[in-house]
Amino acid sequence: MERIETSDEGGPNGAPACSLLAKDLEPCQLVIFGATGDLTARKLIPALFALFRGGNLPKPCSIIGCGRTALDNDGFRQRLAENSPADLAGHPRWDEFTSFLHYRTVQYEAPQSYGELAAFLKELDKRGGTGGNTIFDLAVPPDVYPVISAQLIDAGLAGENDVGRGWTRIIVEKPFGHDLASAKVLDAALHRGFSEQQIFRIDHYLAKETVQNTMMFRFANSIFEPLWNRDYIDHVGIVSAEELGVGTRAGYYDRAGVLRDMFQNHMLQLLAMIGMEPPAGFTAERIRDEKTRLLGCLRPFTAPGQEDALVLGQYGPGRIKGRAVAGYRRENGVRADSLTPTFAMLRVYLDNRRWQEVPFYLISGKRMARKDTRLVIQFKEVPHSMFREVIGGKVGANRLTFGIFPDEEINLSFQAKVPGPRICLRTTDLGFKYYDDAFGPLPTAYEKVLLDCMQGEQMFFWRQDGVELAWAFLDPVLEICEQCDDRKARLKFYEAGSWGPEEARGLMDDLMG
Ligand code: BG6
């Protein structure tokens, strides 16, 4: 990775040591499939508009929306303005931005559409001076990925560095398949024409500043890494609790459930960030090598002693912020007898020297008491406490908490003497608020993934070997969840607005306290 600005020891007046991790942005065309869909309007266009306003779009750059709906350029721009959450069209620079936007109607299964698209892109590239560089972003339902990628390959649009062509990249969103077998099929479909370097598999958790910072915390400080192992750490909690319900996504969610939606990707990436060995270099490949190695250490769920390692739940009716909300089975598009879990607690072990027998609790659920994503590193109690007799009780063990959202902070709890003549201990905190030092508005996760892809930087994207290890671990868990005889009995209902099923409540109270 190229560094364009560095300072080893921090700049004058306490300025930070920086590596902007940026390459010059080369001109490019960004072709978005699914251009009339929700993801484009809610995430992609607002992110591209923000990059534009910050002067962070390549120059020149063209954005081409493709969808089945027949629209012209103006109709497309109008639709985006109507469907985007923020008042984009009210911004003084919206009109300037929309001059980069084009629209093509594409029937996804029709080869002719791609022939026409290829001719259009070539002509636009020549006119716009984008150097033959192209990104295809598949903002479409996952079952359409193989269709579009096959057509792009057959139309000769996947190749790169031919005469008159620059680079070509393709962005796919999770889920990468529905299980291990289908993930392999999807990968084979992509690899028929795209090399691994051309494929960018998004996990927006990896684009979060606070998630990336776990690496800096672990590997840019010498005092934590010696403690980062089974000798000092009792257990680790990785929690992503959401207030939101399934919303308008029941069609997808009721088939996926929380394990595919959150665990196969985000939760296992967080586990990898906390558990991996120090990478040999700050490069995409070295970091992804270590994360993949870590996923390869996951103890198979079929090993003995795992009976209580999985709690599955589904939200019933309840209250969120004082407002009554429906249970999952009453949500629009959900089957009335659905057994899809909206909550899971999974206890996993890593069979390697560093982590042997340290439980990692991965927990995620919808319609919980509040939105809270955090990583909790619970240290062991001191081996012998001389204070125990004096204070007549247990001395609290240290805890390190990475707040990912909404509290973007790091806290280390420790014991201190309460001032005064009596001997009393209390737990207190050393804290760091991530944004206290922020340097202006920070990019959103989608701004960062798009920027990284434009720079060809794959550090915070999934690599296929990692995807397959994640599915290989999860497939047996999904089997229990979806095929075992006591499926119904296993699913525990919890009230919307609570901390999940009773069976996991003690753990949740501990981790969220
Ligand atoms: C998405 C899931 O990947 O992550 C959603 O599909 C979930 O169901 C979302 O709501 C959570 O992301 P965040 O960034 O809000 O924690």
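As the structure is a prediction and not an experimental result, all values here were calculated from the model. (Residues numbered from 1 in each chain as written. Predicted model: local features only at pLDDT ≥ 70, side-chain atom pairs only at ≥ 80, totals over all residues. Heavy atoms only, no water.)

Attention now moves to the site of the ligand. Taken together, Lys174, His204, Tyr205, Lys208, Glu242, Arg249, Asp261, Met262, His266, Lys366 and Lys371 make up the full set of residues adjacent to the ligand. Side-chain polar atom of Lys208 to an oxygen atom of the ligand: 2.6 Å apart, as the coordinates give it. Glu242 is positioned such that a nitrogen or oxygen atom in its side chain is 2.5 Å from an oxygen atom of the ligand. In isolation the ligand exposes 400 Å². Once the protein is present, 81% of that is buried. Among the residues forming the shell around the ligand, the class breakdown is two nonpolar, two polar and seven charged. (Near = heavy atom within 4 Å. Polar contact = N/O pair within 3.5 Å; in protein donor to acceptor, adjacent residues only side chain to side chain. Areas by Shrake-Rupley, 256 points an atom, 1.4 Å probe, with all protein chains shown as cover. Nonpolar A, V, L, I, M, F, W, Y, C, P; charged D, E, K, R; others polar.)

A cluster of nonpolar side chains, contributed by Met386, Phe387, Val390 and Ile423, occupies part of the molecular surface with about 390 Å² of accessible area. In this structure, Val390 sits in helix α10 (residues 387-391). (Patch = residues over 30% accessible without salt bridge, like charges linked within 9 Å, V, L, I, M, F, W, Y side chains within 5 Å. Salt bridge = Lys/Arg side-chain N within 4 Å of Asp/Glu carboxyl O. Helix = DSSP H or I, 4+ residues; strand = E, 2+ residues; numbered from the N terminus.)

This part is about the sheet that holds strand β3 (residues 101-105). Taken in spatial order, the seven strands make up an open sheet running β3-β2-β1-β4-β5-β6-β16, and their pairing is mixed. What marks the edges here is a single partner per strand, and that holds for β3 and β16 (461-462). For strand β4 (residues 134-138) and strand β5 (residues 168-173), the ladder comprises five bridges, and the chain directions are parallel. Opposite Thr134, over in β5, you have Thr168 as the bridge partner. Together, β1 (28-33), β4, β5, β6 (199-202) and β16 form the strand contacts of helix α11 (residues 445-455), whose direction differs from that of β5 by roughly 155°. (Pairing = 2+ DSSP bridges. Contact = heavy atoms within 4.5 Å. Axes fitted to C-alpha atoms, helices over the stretch in contact; angles between N-to-C directions.)

All right, on to the side chain of Ser240 then. Following the sequence through the fold, Ser240 ends up in strand β7 (residues 233-241). What Ser240 contacts, discounting residues up to four positions off in sequence, is Tyr205, Met262, Met267, Ile363, Ser364, Gly365, Asp372 and Thr373.

A few words on the pattern of salt bridges. Any two side chains of opposite charge can pair if their charged atoms end up close together. This structure, assessed with the given rule, holds 34 salt bridges. A salt bridge links Arg463 to Asp465; the nearest nitrogen and oxygen atoms lie 3.0 Å apart. By relative accessible area, which is 34% here, Asp465 ends up partly exposed. One salt-bridge network, held together by shared partners, links Glu285, Arg286, Arg288, Asp289, Arg463 and Asp465. (Buried < 20%, exposed > 50% of the residue type's maximum accessible area, 1.4 Å probe, protein only.)

For the rest of this paragraph, the subject is the environment of Tyr253. For Tyr253, the location among the structural elements is in helix α8 (residues 250-275). For Tyr253, a relative accessible area of 0% translates into the label buried. It is 17 Å that separates the C-alpha atoms of Tyr253 and Gly37, two residues lying 216 residues apart in sequence.

Phe33, Trp228, Leu259, Phe263, Leu271, Leu346 and Phe402 are the most contacted members of the largest nonpolar core, which has 113 residues in total. The element that contributes the greatest number of residues to this core is α8, accounting for 13 residues. Leu259 has contacts with Gln264, Leu312, Ala344, Leu474, Val477, Leu478 and Cys481, leaving out every residue within four places of it along the chain. Counting 35 residues, the second largest nonpolar core, distinct from the first, contains Leu48, Ile135, Trp167 and Met454. (Core = buried A, V, L, I, M, F, W, Y, C linked by side-chain atoms within 4.5 Å.)

Let's shift gears to the packing of aromatic side chains. Applying the stated criterion across every chain yields a total of 19 aromatic pairs. Pairing Phe52 with Phe97 gives two aromatic rings, centres 5.5 Å apart and planes at 50°, and the pair type is tilted. Placement of Phe52 in helix α1 (residues 38-53) and of Phe97 in helix α3 (residues 94-98) is noted, with a sequence separation of 45 residues between them. Given the relative accessible area of 10%, Phe52 is considered buried. (Phe/Tyr/Trp six-rings, centres within 6.5 Å; stacked < 30°, edge-to-face > 60°.)

Following the sequence through the fold, Gln197 ends up in the loop between α6 (180-191) and β6. Put simply, Gln197 and Ile148 are 49 residues apart on the chain and 19 Å apart in space, counted from C-alpha to C-alpha.

A few words now on the confidence of the model for the protein. Put simply, the protein has an average pLDDT of 91, and 94% of its residues get 70 or more. Low pLDDT, under 50, characterises residues 1-13; the stretch is placed with 21 contacts to residues that sit more than four places away or in other chains. (pLDDT = per-residue confidence, 0-100.)

Interhelical geometry of α6 versus helix α12 (residues 464-483) gives an angle of 160° and a closest axis separation of 9 Å. Judged by the angle between their axes, α6 and α12 are roughly antiparallel. Crossing handedness for the pair α6 and α12: right-handed. Here Leu180, Ala183, Lys184 and Asp187 of α6 come into contact with α12, specifically with Gln464, Val467, Glu468, Trp471, Ala472 and Asp475. Of the residues in the contact of α6 with α12, the class split is five nonpolar, one polar and four charged. (Parallel < 35°, antiparallel > 145°, perpendicular 65-115°, else oblique. Left-handed = near helix turned anticlockwise from the far one by under 90°.)

The element helix α7 (residues 209-219) is extensively covered by neighbouring structure, given that nine of its 11 residues are classed as buried. Three or more residues of α7 are buried, namely Glu209, Thr210, Val211, Gln212, Asn213, Thr214, Met215, Phe217 and Arg218. Tucked into the core, α7 has its buried residues touching α8, α9 (284-295), β12 (372-379), β13 (399-405), β14 (409-417) and α11.

Let's shift gears to unusual backbone geometry. Looking along the chain, the bond that leaves Lys59 and enters Pro60 is cis, with omega of -5°. By the secondary structure assignment, Pro60 is in the loop between α1 and β2 (61-67). A cis amide bond links Lys174 to the next residue, Pro175, at an omega of 0°. Mapped onto the fold, Pro175 is located in the loop between β5 and α6.

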